[in-house]
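If you want the building blocks of each chain, they are given just below.
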Amino acid sequence: MGQSESIFTDKNPMQLCDATVESHREICRKLNIFDSYEEELTKGGAKGGEGAPESCKHLLTRFLNSAARTQLAIFPLDGDLPEINEELIAQLSAKNLYIIDIASGHGAGTLSIINSIHHLRIKEESFPTDPLDIDIHALDFSETSLSYYENLIEILRSDYLKVGITIKFHRHIVDLRSDENIKTAVENIKTSIGKNPQYLLTCSAISGVKRTVFQESFARSYSYIVTEFREENSLFFWVEPQTKGDWIKESWQELATEQKIEYPSDGCKTKNIRFHWSDPHTKSVLHADAEYLLMGLAT
Ligand SMILES: C[S@@+](CC[C@H](N)C(=O)[O-])C[C@H]1O[C@@H](n2cnc3c(N)ncnc32)[C@H](O)[C@@H]1O
């Protein structure tokens, strides 16, 4: 997959949506960590993890990167990924949507999707503003990250309501390496949702676990989750920072083969892009690479 250059250059970097910036600032202030933002950024190395210190550092230093990568896929409307953008926006025009956020962490990727829709509902006059009820089912083994996710939603809730977006949050503490954990979580989710679901499966920034670890420990659960949630009008959206080789595409090909899913004539879109974005807290311009995969999940 060749890499393309974004319309967002170092001279014209992407600006993050207000809801993303302000909710990140607010939660970090509440946790008394905001003042160490610049200092922690220089240390690097946060991947997220099961423990509270890792989750906290990840929230502080990596939230905006994840949000930036995901926002590029949706907003602005005339941006870099028109096909992906169109399908995601159509999906987010449903009345009821069930988001299954896999290795959700604090939800930077998924909340960035909703924050982009929130932005479009305010700024684009012709953008549909019918009521949108979203149930988020977040799967992660970090209880701390899931509680940050819930806190962020509480911070954003009243702004979302003003534009007709209602969110219900369901946390699932699961280890993606455990077949038993995943099976139980999927069963619980399906029971709580009931009939005629429309799913958006999201996955963002999992590649920090390394490819070999993904293949050995996660591939089976991803394959299971994607198979169990294959429904009409449903999508699987996966975003990663740039990885060695075509990480997402090849991992998906392996999963698809295992599950006997037709590939790539399965409505699968991939894109690899380099872009620039402005860090709203430090005002510095950063470059980033992102890989995307969007796949229809109809059976
Ligand atoms: C880099 S973070 C990505 C978080 C989020 N999706 C985002 O957009 O930024 C990776 C997440 O994977 C979770 N994770 C790693 N190994 C896991 C496992 N074995 N089971 C469940 N979650 C895991 C971590 O707790 C962390 O929240």
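Because the structure is a prediction, the values reported are computed rather than measured. (Residues numbered from 1 in each chain as written. Predicted model: local features only at pLDDT ≥ 70, side-chain atom pairs only at ≥ 80, totals over all residues.)

1. Quick word on the overall build of the protein chain
Formally: Per the convention used, a helix needs a DSSP run of H or I reaching at least four residues, while a strand needs a run of E reaching at least two, with both numbered from the N terminus. All radius of gyration figures rest on C-alpha atoms, and the globule criterion is 2.2 Å times the number of residues raised to 0.38. Any residue whose C-beta has 12 or fewer other C-beta atoms within 10 Å is treated as exposed, any with 20 or more as buried, and any in between as partly exposed, C-beta atoms being built from the backbone. By the convention adopted here, residues are in contact when the distance between their C-beta atoms, placed from the backbone, does not exceed 7 Å.
On a plain count of helices and strands, the protein chain comes out with 9 helices and 8 strands. Taking 299 residues into account, the globule formula puts the C-alpha radius of gyration at 19 Å, and the protein chain, at 18 Å, falls close to it. Counting the 299 residues in the protein chain, one finds 42% classified as buried. Pairs at least 24 residues apart make up 79% of the contacts formed inside the protein chain by residues separated by at least 6 positions.

2. As for the environment of Leu41
Inspection of the secondary structure puts Leu41 in helix H2 (residues 37–43). Residues Leu41 and Lys57 lie 16 residues apart in sequence; the distance between their C-alpha atoms is 9.3 Å.

3. Some words on the sheet that holds strand S5 (residues 199–204)
We apply this condition: Should DSSP find at least two bridges between two strands, the strands are regarded as paired. In this description, a line fitted to the C-alpha atoms serves as the axis of each element, helices being fitted only across the stretch in contact, and the angle between N-to-C directions of two axes falls anywhere from 0 to 180 degrees.
The sheet built from 8 strands is open, its strands ordered S1-S7-S8-S6-S5-S2-S3-S4 with mixed pairing. The open sheet terminates on both sides in strands that have one partner only, identified here as strand S1 (3–5) and strand S4 (165–173). Pairs of neighbouring strands in the sheet enclose a mean axial angle of 25 degrees, with direction left out of account. Bridging between strand S3 (residues 132–140) and S4 involves 9 bridges; their strand directions are parallel. Following the sheet pairing, Leu132 is matched in S4 by Ile165. Of the strands in this sheet, S5, strand S6 (235–241), strand S7 (269–278) and strand S8 (285–296) touch helix H3 (residues 52–72), which is tilted by about 55 degrees from S8. Packing against the sheet, helix H6 (residues 143–162) makes contact with S3 and S4, and its axis sits at approximately 175 degrees to S4.

4. A closer look at the nonpolar core
In summary, soluble globular proteins display a tendency toward joint burial of nonpolar side chains. Condition: Any set of buried Ala, Val, Leu, Ile, Met, Phe, Trp, Tyr and Cys residues joined through C-beta atoms within 7 Å is what this text calls a nonpolar core.
Counting residues in each nonpolar core, the largest one holds 81 residues, and the members touching the most others are Ile100, Leu201, Ile225 and Phe237. In this view, Ile225 contacts Ile100, Ile102, Ile182, Val186 and Leu201; residues no more than four positions away in its chain are not counted.

5. Some thoughts on helix H1 (residues 18–30)
Spelled out, the test is: What a helix should span is 1.5 Å times the count of its residues minus one. Throughout, the arc means that of the directions going from the helix axis to the C-beta atoms.
Helix length check: H1 (13 residues) gives 18 Å between terminal C-alpha atoms against 18 Å at 1.5 Å per residue, within 8%. Regarding H1, the residues found buried are Ala19, Thr20, Ser23, His24, Ile27 and Cys28. Considered in projection along H1, the buried side chains sweep an arc of 145 degrees and stay on one side of the axis. Residues of H1 that are buried sit in contact with H2, H3, helix H5 (108–123) and H6. Just downstream of H1 lies Asn32, where phi reads positive at about 60 degrees.

6. Observations regarding the environment of Gln215
You can see Gln215 is positioned in helix H8 (residues 211–228). Along the chain, Gln215 and Gly44 lie 171 residues apart, while their C-alpha atoms are 25 Å from each other.

7. A short note on helix H4 (residues 82–91)
Looking only at H4, the buried set comprises Ile84, Asn85 and Leu88. Along the long axis of H4, the arc covered by the buried residues comes to 100 degrees, so they all point the same way. In H4, the exposed positions that point more than 90 degrees away from the buried face belong to Pro82, Glu83, Glu86 and Ala90. Residues of H4 that are buried sit in contact with H5, S6, S7 and S8.

8. What about the packing of H8 against helix H9 (residues 247–258)?
We count it as follows: Oblique is the label for any angle not covered by the other classes, which are roughly parallel (under 35 degrees), roughly antiparallel (over 145) and roughly perpendicular (65 to 115). Here a crossing is taken to be left-handed if its near helix is turned anticlockwise relative to the far helix by less than a right angle, and right-handed if that turn runs clockwise. Each residue is assigned to one class: nonpolar for Ala, Val, Leu, Ile, Met, Phe, Trp, Tyr, Cys and Pro, charged for Asp, Glu, Lys and Arg, and polar for all the others, Gly among them.
Taken N-terminus to C-terminus, the directions of H8 and H9 make an angle of 55 degrees; their axes are 10 Å apart at the nearest point. Here H9 runs oblique to H8, going by the angle between their axes. Both H8 and H9 take part in a crossing whose hand is right-handed. Along its contact with H8, which presents Arg211, Phe214, Ala219, Tyr222, Ser223 and Val226, the element H9 presents Trp247, Ser251, Glu254, Leu255 and Glu258. Partitioned by chemical class, the residues of the contact of H8 with H9 number 6 nonpolar, 2 polar and 3 charged.

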